[in-house]
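Chains, contacts and geometry: an overview
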Amino acid sequence: MSIRGPGSLPPGVTFTSVWRWPRPSFRMAYRMWERNLLSYSHRWHINLVPNFFEPFFYLLAIGFGLGKFVATIKGVDYARYIAPGLAAVSGMYGASFEVSWNVFFKLHFAKLYDAVTVTPIDPEDVVVGEMMWGITRSLMYSLPFVLISALFGLVHSWWVLLTPIAGAAVGLCFSAMGLTFSSLIPTSDFFSFYWTLFLVPMFLFSSIFFPIDSMPAWAQSLAWFSPLFHCAALFRELFGTFGTNMAAALGHFVWLLGLSAVLWPVPQNIFRQRLVT
Amino acid sequence: MQSIVRAAGLIKWYADSPTPAVDGIDFEVEERECFGFLGPNGAGKTTTMRMVSCRARRSEGVLEVMGMDPSRDQRTIKEHIGVVPQETNLDTVIRVGENLFAHARYFGIPKPEARARAEEVLRFVQLDDRIEWDVEHLSGGMKRRLLIARALINRPRMLILDEPTTGLDPQARHLVWDRLRELKRQGVTLVLTTHYMEEAAQLCDRLVVMHQGKILVEGTPRALIRDLVAPQVVELTATDQPELAQLVSAMATRAEAHEVAGDRLILHVDDGEAMLKAVNDSGLGYETAAFRPASLEDVFLKLTGRTLEE
């Protein structure tokens, strides 16, 4: 079913005429986050369990199944190579699902944010609350993946204990991108573009399944612009897949925070325009 | 008396419209009164409510809510008001009681207190036996009562209701009216929009009639009826157009004012009984005849006309 929302920005309202640096309140954003937790708590046992099965099957099928034919990548077993990348991917999808259809539905159909913004919570706080929730959901996917990987013996560094922080950066970055996209599109059909033209290509060409060294030079430099490339590389450092280079890890971490910071004001401004007319 | 809302020269332009939605209105709402906005669809009532509740920015003019500026002090203002929206926007993925609990938490009310208040406001709207229900299983009237309960969770000084009883059956409507009167007795200021004249007459201490973004008149329901229309109304229906034309030519001059609407002749008169007698004495034919006291609806139709706005 195609869900149709009202038009995009009202005509005459230019982006610059109402643009301002957002001043969200994290106390208020927490209240929005708490509501999402309350609604999630009804079905957490249904939702959380599959998050543990998925990595299990992925690692079994691709890591150990396909891995038999691949032998090694740069001297490590294939399962050991792909585990951190897949953990990052699950974090990407966890956040993206949450801030795409769910947020679009809450904005245009459930009118949840109309009900929330008559309270002291402002539209900027709503966006930050949804970002915090996107991070939470992202971690609910990526951390079980890390855990299962460790059980399979695919983790080789104690730096892995920092994956909650790295995973939060993954969640933040994809929440910021997803919220920006969700706030701009007029109908939910556009999410298929976000998936097929953005997330899926990233999934395939961000060194999750094979190192980017095998791609042509131009494609390698393109990969640097893929957020998922940095997520996977960051996780790989923390897993100690090829040893751990913390300087490189920090570089990827900062890259993700940087993109999040650039996008930070965009959904907040658009939500304010939509909710305070 | 202290004004809780004060508007002067208030104007709201929407970018996609050639005319302003609200076109220079002035009004003051006193603390503890019930103030009504009457008007046809598209008159600017909802936009005015949105500006007062900090959900629409004013384009020009002055607007003060509790002495504060809605474009700057919105968090503080929203802390002290309750809003019942026209459109039902309950949280459908959580239950009835949780809707109220979550709303209380939006205001930062501590959890045990939030639970207690959820029960308290549910009792107030007589839904306390539905606390564990799914929102989707409530009837339209129950959903509206739940919206009112939700708006009371922060014990607001002022309750803003946008068409609180639209779509309700008479039983549910009377229950809502009864609850709103009780709130007024408790000292809550009520600001409501409606296009039900009976609702305005039942609830409002003072009201304004809005039309095309402007306020046409302001006063108590009684004073508006007294000042703007003759005290009684005689309505005649004719079997055909020639008969109607005869009635109009014979009777219209005897009335204070008259209107023709479809097959009806509406005569605004001082003495309805005398007018009826005159009609019968004239020997002219008609299908039905009735007289009744003038109502707010007559005021409304006189001011805003009988043609549809939309």
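1. A word on the packing of helix α5 (residues 78-108) of chain A against helix α13 (residues 265-275) of chain A
Residues and elements named next belong to chain A. At a minimum axis distance of 12 Å, the contact between α5 and α13 shows a crossing angle of 25°. The pairing of α5 with α13 is recorded here as roughly parallel in orientation. On α13, the residues that touch Val 103, Leu 107 and His 108 of α5 are Phe 271, Arg 274 and Leu 275. Of the residues belonging to the contact of α5 with α13, the class tally is four nonpolar, one polar and one charged.

2. A closer look at a nonpolar patch on the surface
Residues Val 49, Phe 53, Phe 56, Phe 57, Leu 60 and Phe 64 of chain A make up a contiguous nonpolar surface patch of about 550 Å² in total accessible area. Among the structural elements, Val 49 of chain A can be located in the loop between α3 (44-48) and α4 (50-70).

3. Topic: the interface of chain B and chain A
Each partner contributes to the interface: chain B provides 31 residues, whereas chain A provides 31 residues. In this assembly, chain B packs against chain A so that about 2700 Å² is buried in total across both faces, 53% of it on carbon and sulfur atoms. Three residues, Arg 57, Arg 75 and Tyr 106 of chain B, lead the burial of chain B against chain A; their summed loss comes to 28% of the area buried on that side. Seen at the junction of chain B and chain A, the total is six salt bridges. Measuring nitrogen to oxygen at the nearest pair gives 2.7 Å for the salt bridge that ties Arg 35 of chain A to Asp 91 of chain B. Along the contact surface separating chain B from chain A lie 16 residue pairs in polar contact (both at pLDDT 80 or more). When residues in the side of chain B that touches chain A are grouped by element, the largest group, six residues, is from helix α3 (residues 96-106) of chain B. Tallied by class, the residues present in the side of chain B that touches chain A amount to 12 nonpolar, four polar and 15 charged.

4. What about empty space enclosed by the protein?
Per the counting criterion, the structure on display carries one cavity of 30 Å³ or more. In this model, the largest cavity occupies a volume close to 60 Å³. Surrounding the largest cavity, Leu 112 and Ala 115 of chain A together with Asp 91, Asn 99, Ala 102, His 103, Tyr 106 and Arg 150 of chain B form its lining. Those elements that provide at least two residues to the lining of the largest cavity are α6 (112-116) of chain A together with α3 of chain B. For the lining of the largest cavity, the per-class residue count stands at four nonpolar, two polar and two charged.

5. Concerning the packing of α4 of chain A against helix α7 (residues 123-151) of chain A
Residue and element names in this part refer to chain A. In the contact formed by α4 and α7, the axes pass within 8 Å of each other and the chain directions differ by 50°. Between α4 and α7, the crossing angle belongs to the class labelled oblique. Both α4 and α7 take part in a crossing whose hand is right-handed. Residues Asn 51, Phe 52, Pro 55, Phe 56, Tyr 58 and Leu 59 of α4 lie in contact with α7, whose contacting residues are Met 140, Tyr 141, Pro 144, Phe 145, Leu 147, Ile 148 and Ser 149.

6. Considering the sheet that holds strand β10 (residues 232-237) of chain B
Backbone hydrogen bonds hold the strands of a sheet together, and the pairing may be parallel or antiparallel. All names here are of chain B. Taken together, four strands build an open sheet; the order of strands is β11-β12-β10-β13 and the sheet is antiparallel. Of all strands in the sheet, those with a lone pairing partner are β11 (257-261) and β13 (288-293), marking the two edges. Between one strand and the next, the sheet's axes are offset by a mean angle of 15°, whatever the strand orientation. Alignment of β10 against β13, held across six bridges, turns out to be antiparallel. Bridging from a neighbouring strand, Thr 237 pairs with Thr 288 of β13. Each of β10, β11 and β12 (264-269) is contacted by helix α9 (residues 241-251), which is oriented at about 15° to β12, the strand it contacts most.

7. A look at the packing of aromatic side chains
Taken as a whole and assessed by the stated rule, the structure comprises 33 aromatic pairs over all chains. Centroid distance Phe 56 of chain A to Phe 57 of chain A: 5.6 Å. Interplanar angle 75°. Geometry classified as edge-to-face. Its end group placed over the ring of Phe 242 of chain A, Lys 74 of chain A keeps NZ or CZ at 5.8 Å from the ring centre. The ring of Phe 124 of chain B has Arg 179 of chain B sitting right over it, with the charged end atom 4.7 Å from the ring centre.

8. Looking at the nonpolar core
Counting 128 residues, the largest nonpolar core has Tyr 113, Phe 174, Leu 228 and Phe 271 of chain A together with Leu 159 of chain B as its most contacted members. Considering every element that reaches this core, the biggest residue donor is α5 of chain A, with 15 residues. Counting 29 residues, the second largest nonpolar core, distinct from the first, contains Ile 4, Ala 43, Val 52 and Val 83 of chain B.

Calculation rules
- Residues numbered from 1 in each chain as written.
- Chains lettered and ligands numbered in written order.
- Predicted model: local features only at pLDDT ≥ 70, side-chain atom pairs only at ≥ 80, totals over all residues.
- Heavy atoms only, no water.
- Axes fitted to C-alpha atoms, helices over the stretch in contact; angles between N-to-C directions.
- Helix = DSSP H or I, 4+ residues; strand = E, 2+ residues; numbered from the N terminus.
- Parallel < 35°, antiparallel > 145°, perpendicular 65-115°, else oblique.
- Contact = heavy atoms within 4.5 Å.
- Nonpolar A, V, L, I, M, F, W, Y, C, P; charged D, E, K, R; others polar.
- Patch = residues over 30% accessible without salt bridge, like charges linked within 9 Å, V, L, I, M, F, W, Y side chains within 5 Å.
- Areas by Shrake-Rupley, 256 points an atom, 1.4 Å probe, with all protein chains shown as cover.
- Salt bridge = Lys/Arg side-chain N within 4 Å of Asp/Glu carboxyl O.
- Buried area = accessible area lost by both parts, 1.4 Å probe.
- Polar contact = N/O pair within 3.5 Å; in protein donor to acceptor, adjacent residues only side chain to side chain.
- 1 Å grid on protein atoms, 1.4 Å probe; cavity = no way out; pocket = protein on both sides within 12 Å on 5 of 7 lines; lining within 4 Å.
- Points joined across faces, edges and corners; volume = space filled by probe spheres on them.
- Left-handed = near helix turned anticlockwise from the far one by under 90°.
- Pairing = 2+ DSSP bridges.
- Phe/Tyr/Trp six-rings, centres within 6.5 Å; stacked < 30°, edge-to-face > 60°.
- Lys NZ or Arg CZ within 6 Å of the ring centre and 35° of its normal.
- Core = buried A, V, L, I, M, F, W, Y, C linked by side-chain atoms within 4.5 Å.
- Buried < 20%, exposed > 50% of the residue type's maximum accessible area, 1.4 Å probe, protein only.

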